[in-house]
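Coordinate inspection notes
Each chain, written out:
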Amino acid sequence: ELNLEYGPAVAPGETKKFIAIFPFREKNSEAVDAGLGQRCQNELYNAVASLSQQFKIISKTQINSEIVKRGLGINIEDNQALNIGLMLLCDYIIIGNVSKFTNRIEYTIFLKDVKNNKEIAKKSSTVTEDIKLFESLKNDLFGLIEKIE
């Protein structure tokens, strides 16, 4: 019996879609102090490791060095992320924003089509414990990725 779980997820002749994940924009000083923008990016990279059969994930180093090369700060704008995505030949980018209020973290994650500059899907969530952030981001990311055709 064949185990298809490890088979190619991309049909022969099809090419993998390229995705870049950007640090989230930190919307308040508590989020900045906690380094949540970078942390959200890190958590999402951990989550997408299992998707490498379907997608080509642009390396975090490549994205972050592009941000630095352009002299952009930690809170880059959506259009700047889109321009970097275009330059890196991405099909999609994942961006977001994050806020922290005492022990509550709120974020919105977006999936955007780079070539058409179009939002495909977004998901907003709130977690009340730091420890739940990864699980919540992962679930939301997988929900967004299901929207990719």
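The coordinates are above.
Presented here is an overview of the structure given in this document. (Residues numbered from 1 in each chain as written. Predicted model: local features only at pLDDT ≥ 70, side-chain atom pairs only at ≥ 80, totals over all residues. Heavy atoms only, no water.)

Quick notes on the overall build of the chain
Basically, it comes down to this: Secondary structure elements are taken from DSSP: a helix is a run of H or I of four residues or more, a strand is a run of E of two residues or more, and numbering for both begins at the N terminus. Exposure is judged per residue with a 1.4 Å probe applied to protein chains only, and the accessible area is read against the type maximum: over 50% gives exposed, under 20% gives buried, and values in between give partly exposed. Whether two residues touch is decided by their heavy atoms; if any such pair falls within 4.5 Å, the residues are in contact. To be clear on the numbers: accessible area is Shrake-Rupley with a 1.4 Å probe, and residue cover counts the displayed protein chains and nothing else. Positive charges come from Lys and Arg alone, negative charges from Asp and Glu alone, with His and the N- and C-terminal ends not counted. A single reference atom marks each charge: NZ on Lys, CZ on Arg, CG on Asp, CD on Glu.
On a plain count of helices and strands, the chain comes out with five helices and six strands. Across the chain, helices and strands are ordered from the amino to the carboxyl terminus as β-β-α-α-β-α-α-β-β-β-α. When the 149 residues of the chain are sorted by exposure, 43% land in the buried category. Once local pairs closer than 6 in sequence are excluded, the contacts in the chain between residues at least 24 apart make up 59%. Per element, the accessible surface of the chain, about 8500 Å² overall, is 49% carbon and sulfur. In the chain, 19 positive and 20 negative side-chain charges are present, and the distance between their average locations comes to 3 Å.

Comments concerning the packing of helix α2 (residues 36-48) against helix α5 (residues 133-145)
As a reminder of what qualifies: Every axis in this analysis is a line fitted to C-alpha atoms, fitted for helices over the stretch in contact. Angles between the N-to-C directions lie between 0 and 180 degrees. Each angle receives one of four descriptions, namely roughly parallel if under 35 degrees, roughly antiparallel if over 145, roughly perpendicular if within 65 to 115, and oblique otherwise. Take the far helix as your reference; a near helix turned counterclockwise from it by less than a right angle gives a left-handed crossing, and one turned clockwise gives a right-handed crossing. Following the grouping adopted for this structure description, the nonpolar residues are Ala, Val, Leu, Ile, Met, Phe, Trp, Tyr, Cys and Pro, the charged ones are Asp, Glu, Lys and Arg, and the polar ones are all others, Gly among them.
Contact pair α2 / α5: the axes reach a minimum separation of 9 Å and the direction vectors enclose 60°. When the axis of α2 is compared with that of α5, the two are oblique. Judged by the sense of rotation from one axis to the other, the crossing of α2 with α5 is right-handed. Between α2 and α5, the contacting residues are Leu36, Arg39, Cys40, Glu43, Leu44, Asn46, Ala47 and Val48 on the first element and Leu133, Phe134, Leu137, Lys138, Leu141 and Phe142 on the second. Taken together, the residues of the contact of α2 with α5 break down into 10 nonpolar, one polar and three charged.

Some thoughts on the packing of α2 against helix α3 (residues 60-69)
Closest axis-to-axis distance for the α2/α3 pair is 12 Å, and the angle between their directions is 155°. When the axes of α2 and α3 are compared, the pair comes out roughly antiparallel. Facing Gln38, Gln41, Asn42 and Tyr45 of α2, the residues of α3 in contact are Lys60, Ile63 and Asn64. Here the residues of the contact of α2 with α3 sort into two nonpolar, four polar and one charged.

Re α3
Let me state the cut-off plainly: By construction, the arc corresponds to the directions joining the helix axis to the C-beta atoms.
When α3 is considered as a whole, its buried residues turn out to be Ile63, Glu66 and Ile67. Buried residues of α3 fall within an arc of 100° about the axis and therefore sit on the same side. Away from its buried face, by an angle of more than 90 degrees, α3 presents the exposed residues Thr61, Val68 and Lys69. Taken together, the buried residues of α3 touch β1 (17-21), α2 and α4 (78-87).

Points about unusual backbone geometry
Despite not being glycine, Leu89 has its phi angle at roughly 60°, a positive value. Mapped onto the elements of the fold, Leu89 is located in the loop between α4 and β4 (92-101). Looking at Leu89, the relative accessible area reads 64%, which means it is exposed. Backbone geometry at Asn117 places phi at a positive 45°, although glycine is not the residue there. Position of Asn117 among the secondary structure elements: in the loop between β5 (104-113) and β6 (118-127). Note on Asn117: relative accessible area 52%, which makes it exposed.

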